[in-house]
Amino acid sequence: MSLSIGIVGLPNVGKSTLFNALTRSHQALAANYPFATIDPNVGVVEVPDERLAKLAAVSKSKKIIPTTIEFVDIAGLVKGASEGEGLGNKFLSHIREVNAIVQVVRGFTDPNVLHVHNRVDPKEDAAIVNTELTLADLQTVEKRLKSAKTSAKGAGAKEFQSHVDAFQKVFDQLQTGEPARNLDFTEDELHLVKDLQLLTMKPVLYVVNIDEDKAGTPSPSQATVDTTSSHIYISAKLEAELADLSTEEAAAYLKELGITETGLDKLILAGYKLLNLITFLTSGEPETRAWTVKAGAKAPDAAGVIHTDFIKGFVKADVVNWQDFVNLGGWSKLKESGKMRLEGKEYIMQDGDVVYFHISS
């Protein structure tokens, strides 16, 4: 499943530093001037999952394979991007290609790192980016609305009136400055609106990039950027330092700081949730592996993630919760416990399911 999250924000808010830490690389140029990143950098990151090691220990697996998520470091946006200012057009086109947005806003106070507006105000950073995305969407919707109104006057007018109504609904929302994702759509409206590929329809997670010494305790003044979307608080500088350490050294450093979870782990898991994904697992002697599906996926679709031929050949699936798998000692002992279920084609996958698919040849 190829799904990606774009890291966006104003110049010099820490996007590339965060990306480099995520990917344990230095492929994104982190520099103290706007547009240090021009073409997007892409990194594939493992999703941390403590369940894998526990399952592998029970199954005596030779390999452990986690699932992954793709992050894209996108060039910094400036005011006027919707009109082509800075790298506006390129910036907006790159956002259209991702499935969700992580917007980095500046909460750190380092005087040696320039801010394009000479102040530290996370809420204002977010407002500038959101305004540009909204203005770009307004241009898109206005064109389609005009075209739909013209079509609604001619042959097949009744068919096109639904287009007019859906596009007008979005246009009116955007004119208030609110994103399209906050609207409630009928199934038919959603089908029409998806075709517009609107930037403000994409789910958003805010990352407030805070000072290193506040990594464990963000201040109340940084708490609210946008009340309609989730926030996490990360010191990109600290995460970059941790990325350069060994696993043991990083763990010792975090313990010294009184932090129980890295900011990157929080970001990866929050990004996974942002994309509405769940993980199911397979476990045996050859390997224990995590697989990704959309929440709500049925068993044959999950089997198809392993191999597309499995969708057509799906017969049934042995399913057990991962905790029961560990506690009861694996597949052989589960059959006697009554904890293992035999599920058919209508079964909706749950996060943490350990599955063995039965496929016809």
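This is a predicted model, so every value here is computed, not measured.

**Remarks on the pairing of strand 10 (residues 314–321)**
- Two elements, strand 10 and strand 12 (residues 353–359), share 7 bridges in a ladder whose sense is antiparallel. Bridged to Val320 within strand 12 is Val354.
- One ladder, built from 3 bridges, connects strand 10 with strand 11 (residues 341–343); its direction is antiparallel. Considered in strand 11, the bridge of Val319 is made with Arg341.

**Focus: the pattern of salt bridges**
- A complete count under the given rule lists 8 salt bridges for this structure.
- Put simply, Asp195 and Arg144 hold a salt bridge, and the shortest N to O gap is 3.0 Å. Of the two residues, Asp195 is situated in the loop between helix 6 (187–194) and strand 6 (204–209) and Arg144 in helix 4 (residues 122–151); the sequence distance between them amounts to 51 residues.
- A residue is classified by how much of its surface remains accessible, and Arg144, at 31% relative accessible area, is partly exposed.
- One salt-bridge network, held together by shared partners, links Asp49, Arg51 and Asp351.

**Concerning the pairing of strand 8 (residues 277–283)**
- Of all 7 residues making up strand 8, 7 are buried, and the element is well covered by its neighbours.
- Residues Leu277, Thr279, Leu281 and Ser283 of strand 8 are buried on one face, and the alternating residues Ile278, Phe280 and Thr282, pointing to the opposite face, are buried as well.
- Here strand 8 pairs with strand 9 (residues 287–294) via 7 bridges, running antiparallel. Within strand 9, the position partnered with Leu281 by the bridge is Ala290.
- Here strand 8 folds back onto strand 9, and the loop between the two strands holds 3 residues.

**A few points about helix 1 (residues 15–23)**
- The element helix 1 is extensively covered by neighbouring structure, given that 8 of its 9 residues are classed as buried.
- Immediately beyond the C-terminal end of helix 1, within one or two residues, lies Arg24, with a positive phi of roughly 50°.

**Brief notes about the confidence of the model for the protein**
- Within the protein, residue pLDDT values average 85, and 85% of them lie at 70 or more.
- The low-confidence segment residues 25–39 (pLDDT under 50) makes 44 contacts with residues lying over four places distant or belonging to another chain.

**Concerning unusual backbone geometry**
- The backbone phi angle of Lys60 is positive, close to 55°, even though this residue is not glycine.
- The residue Lys60 is located in the loop between helix 2 (51–59) and strand 3 (63–65) in this model.
- For Asn276, which is not glycine, the phi torsion reads 60° and is therefore positive.
- Along the chain, the position of Asn276 falls in the loop between helix 9 (263–274) and strand 8.
- Accessibility expressed as a relative area gives 43% for Asn276, which makes it partly exposed.

**Some details on the packing of helix 1 against helix 7 (residues 236–243)**
- Close contact between helix 1 and helix 7 brings their axes to 8 Å; oriented N to C, the two are set at 30°. Comparing their axes, helix 7 and helix 1 come out roughly parallel. At the point where helix 1 passes helix 7, the crossing takes the left-handed sense. Contacts from Thr17, Leu18 and Ala21 in helix 1 reach Ala236, Lys237, Glu239, Ala240 and Ala243 in helix 7.
- The class makeup of the residues in the contact of helix 1 with helix 7 is 5 nonpolar, 1 polar and 2 charged.

The rules behind the values
- Numbering of residues starts from 1 in each chain and follows the order in which that chain's sequence is written.
- Totals for whole chains, interfaces and linings use every residue, but because this is a predicted model, local features are given only for residues with pLDDT of at least 70 and side-chain atom pairs only at 80 or more, for both listing and counting.
- The side-chain numbers reported here are obtained from all heavy atoms of the structure, hydrogens and water having been left aside.
- Paired strands are those between which DSSP finds at least two bridges.
- Comment: elements are numbered from the N terminus, with helices defined as DSSP H or I runs of at least four residues and strands as E runs of at least two.
- Here, a salt bridge means any side-chain nitrogen of Lys or Arg that lies within 4 Å of a carboxyl oxygen of Asp or Glu.
- The buried label applies to any residue whose accessible area, calculated with a 1.4 Å probe on protein chains only, is under 20% of its type's maximum; exposed applies above 50%, and partly exposed to all values in between.
- Along the chain, pLDDT gives the predictor's confidence residue by residue, from 0 to 100.
- Two residues qualify as a contact provided that any one of their heavy atoms is within 4.5 Å of a heavy atom in the partner residue.
- To get an axis, a line is fitted to the C-alpha atoms, and for a helix only the part in contact is used. The angle between two axes follows their N-to-C directions and goes from 0 to 180 degrees.
- Orientation categories follow fixed angle ranges, with anything under 35 degrees roughly parallel, anything over 145 roughly antiparallel, 65 to 115 roughly perpendicular, and all other angles oblique.
- Handedness of a crossing follows from how the near helix is turned relative to the far one, being left-handed for an anticlockwise turn of less than a right angle and right-handed for a clockwise one.
- Polarity classes work like this: nonpolar for Ala, Val, Leu, Ile, Met, Phe, Trp, Tyr, Cys and Pro, charged for Asp, Glu, Lys and Arg, and polar for all others, with Gly in that last group.

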